[in-house]
Structure formats: C-alpha cells, structure tokens
Amino acid sequence: MGINKDSIILTGDRPTGPLHLGHFVGSLQKRVELQNQCKQYIMIADMQALTDYFKEPAKVVQNVTEVVKDYLAVGIDPEKSTIFIQSQIPELTELTALFMNLVTTARLERNPTIKAEIQLRQFDDSIPAGFLCYPVSQAADITLFNATHVPAGEDQAPMIEQTNELVRRFNYTYNTDCLNEVELLLSNTPRLIGIDGNAKASKSLGNAIFLGDSPETVHDKIFSMYTDPNHIRVNDPGSIEGNVVFAYLDAFHPDKAQVAEWKEHYQKGGLGDMYLKQQLCDVLQNLLTPIRERRKTISDEEALDIAIAGAQAIKPIAQNTLDKVKRAVGICYHSS
Ligand code: TRP
C-alpha cells in the first residue's frame, strides 16, 4: 500500500554524530518529500543511541542539537514534520517494558540486524541487555504514535518484522486491537559507500562527508577518494567497479547521460581522475553550500526549542495510546 494523506510516517536517527551525505540520499530527501504528503514524526533516538554510547552520554546530548540543525538545513519544516527527542516521551519506555515480556532473548539474538551489529561491536558473550533489546524499544517507537509506515532501507526490514510480531502478540495476548501493524516503505536508493570505498559511509568509520563540512573539507575529502589503483596514467583504461568517484557521481550528478558518457570514456582510457573529482566537487559544493549556509543561521537554542516543542505536541498521542494499552493489559488502579 502506498502513502496517502491519512498515512502516518515514523522515522528517525540515532544522534551519534552530525548527519552526512549517506543520510541525505538514504532518508533526508525522502522525508522532505513525505512531509508534503502526510503526517510525519521524526524521532531523534537518544535513548537508542545510549545503548551504544552509555559511557558518553554528553556526546549523545550534544549531537541531538546537531541532528536537529541538519534536519532544518535540508528543508525539513517543523510546521509540517514533528521533530522530537525520544527521551522526552517516557511513555515509550513503559510500552517497551510491556513489550519485553512478549519476546524471547533467543528471538532477539536471531534478528539479523542486531546479529550483524553485535558482531561489528565484538560484544561476544557480553552483550548489554539494553543493546540486545533495542528492537523492542524501536517497536514501541513505531506503535506508540500509531505509525502506518516506516521509510527505511532493506537493513531495517527485520526491525519492522519484529515490530509487527510484537503487535500481533500483544493484541492476541490481551484480546485487543489497540495496536496497529506497520509497513516498511522501502527506499530504492542504493546505500552510499564511504569515501574510502567501504560499503557504508558512516561517522564511526570516518569516511563520510558531513552536511556541515566546510568547502575546504568537502574538497579535500573528494580529492582523497579511492578510485581505481590501476588507473595510473590518464590514458590507461580505468575501472568503474568500486570506484568511489563514480558511485558519488551516480548518486549526485543531475545529468545521468553525462555520467554515462564519462564512464565509457574512463573505461576506454583518456579520462583523468582529477578531472572527474573536480566535476564531483562542483556538484557537491552546489548541493552543500545552501545547506551549510542555512545551517549557520540556526542557533543551538533555536534547534533544541523546536525539538522540545515537538515532544509537547505529540505527547497527547503517546499518552492516549499508552492509556489504551494499559487498559487492555488491565493494569489500571483507581483510588476509591
Ligand atoms: N534505528 C534507527 C537508527 O539506527 C533510529 C530509530 C529509532 C528509528 N527508532 C526508530 C527509525 C523508529 C525508524 C523508526 O538510526
């Protein structure tokens, strides 16, 4: 099912760093589009970030502001999209606790996304319970606001599956229909690779171009991009496969025919890496300059105030759903 004006989008990011071009092509552009089509809630998942960064809470808190600024800079409009901070809605934690009884640790350990993340972090046998259980908390994020759709990449599909399992288990266990299943709105843009050729651009790998990067930093990152190590002289034939400059040209150059022509020329030989990097630099500076300029006009206080107002605006929805949930479970007490 597609999106219509009654759809409710729930999406968000962990504030573990400012946002980068990977976020821009992967989700931010889509959100700017979606906010004109239906309701959209954008959560800054600080509690989820803490499952990873619990020893550095200040880093998480600081990045909340950065993320809000990135949202506003790319054109997310707080009049159309509700931006809010996860920890400001404690109802989420209550729903998470109720969900926790409805899933086994074995099921969580089988979640492919979590499995990959655990491996990446080399937790071995010391997996923090908070980390293992974050899909449960994510299920609460999605269901508490009655979301109908979650836009995400294929890697988030197991999270949606886990969410819907919890919804069905909850409704069945408490004989209710107060929670709704949700649909993954699959993004068709391929994931942006890192400037070093790594499969993923990310803050932790240090291989991303941030939306707030200075023109000089953007330039230097582009000119450091990994290309084809066998393309030594301009006249040597070059390879497109794994070539970061072409991956970025594919993702950002508006003229696809031009990029196709360059690819052919490059493969035949006679097209230099420096020339292509300069072309890419022009495109990315054009894209990033207005974003950077807009970002500079937003103060930290202004950014934070917008997110705080967002939480206030959607709190009634959270309270209403939680109220229904607790009634369904039967844990309501009234003094006589
Ligand atoms: N897991 C997302 C991330 O890694 C953040 C997130 C938290 C989220 N809760 C969500 C995304 C609910 C979509 C829906 O950045």
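The rules we used
Residues numbered from 1 in each chain as written. Predicted model: local features only at pLDDT ≥ 70, side-chain atom pairs only at ≥ 80, totals over all residues. Heavy atoms only, no water. 1 Å grid on protein atoms, 1.4 Å probe; cavity = no way out; pocket = protein on both sides within 12 Å on 5 of 7 lines; lining within 4 Å. Points joined across faces, edges and corners; volume = space filled by probe spheres on them. Helix = DSSP H or I, 4+ residues; strand = E, 2+ residues; numbered from the N terminus. Nonpolar A, V, L, I, M, F, W, Y, C, P; charged D, E, K, R; others polar. Salt bridge = Lys/Arg side-chain N within 4 Å of Asp/Glu carboxyl O. Buried < 20%, exposed > 50% of the residue type's maximum accessible area, 1.4 Å probe, protein only. Domains from an automatic or database assignment. Contact = heavy atoms within 4.5 Å. Buried area = accessible area lost by both parts, 1.4 Å probe. Polar contact = N/O pair within 3.5 Å; in protein donor to acceptor, adjacent residues only side chain to side chain. Phe/Tyr/Trp six-rings, centres within 6.5 Å; stacked < 30°, edge-to-face > 60°. Lys NZ or Arg CZ within 6 Å of the ring centre and 35° of its normal. Arc of directions from axis to C-beta. Near = heavy atom within 4 Å. Areas by Shrake-Rupley, 256 points an atom, 1.4 Å probe, with all protein chains shown as cover. Core = buried A, V, L, I, M, F, W, Y, C linked by side-chain atoms within 4.5 Å.

1. Regarding the layout of surface pockets
- Approximately 270 Å³ is the volume attributed to the second largest pocket.
- Along the wall of the second largest pocket there are 17 residues; nearest its centre are Met-47, Thr-51, Thr-93, Thr-96 and Ser-137.
- Only α2 (46-53), α4 (91-100) and α8 (134-144) provide two or more residues apiece to the lining of the second largest pocket.
- A per-class count over the lining of the second largest pocket returns 8 nonpolar, 8 polar and 1 charged.

2. What to know about the environment of Phe-210
- Looking at where Phe-210 falls in the secondary structure, it is placed in the loop between β5 (183-186) and α10 (215-223).
- Considering only alpha carbons, one finds Phe-210 and Ser-187, 23 residues apart in sequence, at a separation of 21 Å.

3. Description of the pattern of salt bridges
- The final tally for this structure, using the stated rule, is 19 salt bridges.
- Of the charged contacts, one joins Lys-263 and Asp-250 as a salt bridge, the two residues approaching to 3.0 Å between their closest N and O atoms. Separated by 13 residues along the polypeptide, Lys-263 in helix α12 (residues 256-268) and Asp-250 in helix α11 (residues 244-252) bring together distant segments of the chain.
- You can call Lys-263 partly exposed: its relative accessible area is 21%.

4. Points about the domain arrangement of the protein chain
- The assigned domain composition of the protein chain is domain 1 (8-193 + 300-329) and domain 2 (215-295).
- Put simply, the middle of domain 1 and the middle of domain 2, counted by C-alpha atoms, are 34 Å apart.
- Counting from both sides, the interface comprises 13 residues of domain 1 and, opposite them, 11 residues of domain 2.
- Contact between domain 1 and domain 2 buries roughly 1000 Å² in total, counting both sides, with carbon and sulfur atoms accounting for 71%.
- Of all residues in domain 1, Leu-21, Ala-73 and Ile-193 give up the largest surface area on contact with domain 2, accounting jointly for 50% of the area buried on that side.
- Here Arg-295 makes a salt bridge to Asp-70, at a shortest N to O gap of 2.6 Å.
- If you look at where domain 1 meets domain 2, you find 3 residue pairs in polar contact (both at pLDDT 80 or more).
- Of all the secondary-structure elements, those providing two or more residues to the side of domain 1 that touches domain 2 are α1 (21-34) and α3 (57-74).
- With 6 residues, the top contributor of residues to the side of domain 1 that touches domain 2 is α3.
- Split into classes, the residues belonging to the side of domain 1 that touches domain 2 amount to 9 nonpolar, 1 polar and 3 charged.

5. So, the side chain of Thr-113
- Residue placement: Thr-113 occurs in helix α6 (residues 112-121).
- For Thr-113, a relative accessible area of 10% gives the class buried.

6. Let's talk about the packing of aromatic side chains
- Per the stated rule, a full pass over the model turns up 9 aromatic pairs.
- With a centroid separation of 5.3 Å and 65 degrees between ring planes, the pair formed by Phe-123 and Phe-131 is classed as edge-to-face.
- Members of the aromatic cluster, each reached through a chain of ring pairs, are Tyr-41, Phe-84 and Phe-145.
- Above the plane of the ring of Tyr-134 lies Arg-14, whose end atom (NZ or CZ) is 4.8 Å from the centre.

7. What to know about unusual backbone geometry
- In this model, Gln-122 sits at a positive phi of 50 degrees, which is unusual for a non-glycine residue.
- When you line up the elements, Gln-122 lands in the loop between α6 and α7 (129-132).
- Overall, Gln-122 belongs to the exposed group, its relative accessible area being 64%.
- A positive phi angle, close to 50 degrees, is found at Asn-175, a residue other than glycine.
- Counting through the fold element by element, Asn-175 comes out in the loop between α9 (157-173) and β5.

8. Side note on α4
- Taken residue by residue, α4 has Glu-91, Leu-92, Leu-95, Thr-96, Leu-98 and Phe-99 as its buried positions. For α4, the buried positions fall inside an angular range of 165 degrees around the axis, keeping them on one side.
- The elements touched by buried residues of α4 are β2 (39-44), α8, α9 and α14 (300-329).

9. Some remarks on the site of the ligand
- All residues in the neighbourhood of the ligand are listed as Leu-10, Thr-11, Gly-12, Asp-13, Arg-14, Met-43, Ala-45, Gln-48, Gln-138, Asp-141, Ile-142 and Val-150.
- Contacts to the ligand include Gln-48, whose side-chain N or O atom sits 2.8 Å from a nitrogen atom.
- Within the complex, the protein chains bury 88% of what would otherwise be the 360 Å² of accessible surface of the ligand.
- The set of elements that each furnish at least two residues to the shell around the ligand consists of β1 (8-13) and α8.
- Examining the composition of the shell around the ligand, we find that 4 residues originate from one element, β1, more than from any other.
- Tallied by class, the residues present in the shell around the ligand amount to 5 nonpolar, 4 polar and 3 charged.

10. Things to note about the nonpolar core
- Within the largest apolar cluster, 48 residues are counted, with the highest numbers of intra-cluster contacts made by Leu-21, Ile-209 and Tyr-248.
- Mapping this core onto the domain boundaries places at least three of its residues in each of domain 1 (8-193 + 300-329) and domain 2 (215-295).
- The contacts of Ile-209, once residues within four sequence positions are left out, are His-20, Leu-21, Ile-195, Val-218, Lys-221, Ile-222, Met-225, Tyr-248, Leu-284 and Leu-288.
- Core analysis: the second largest hydrophobic core is formed by 42 residues, Leu-10, Phe-123, Tyr-134 and Leu-144 among them.

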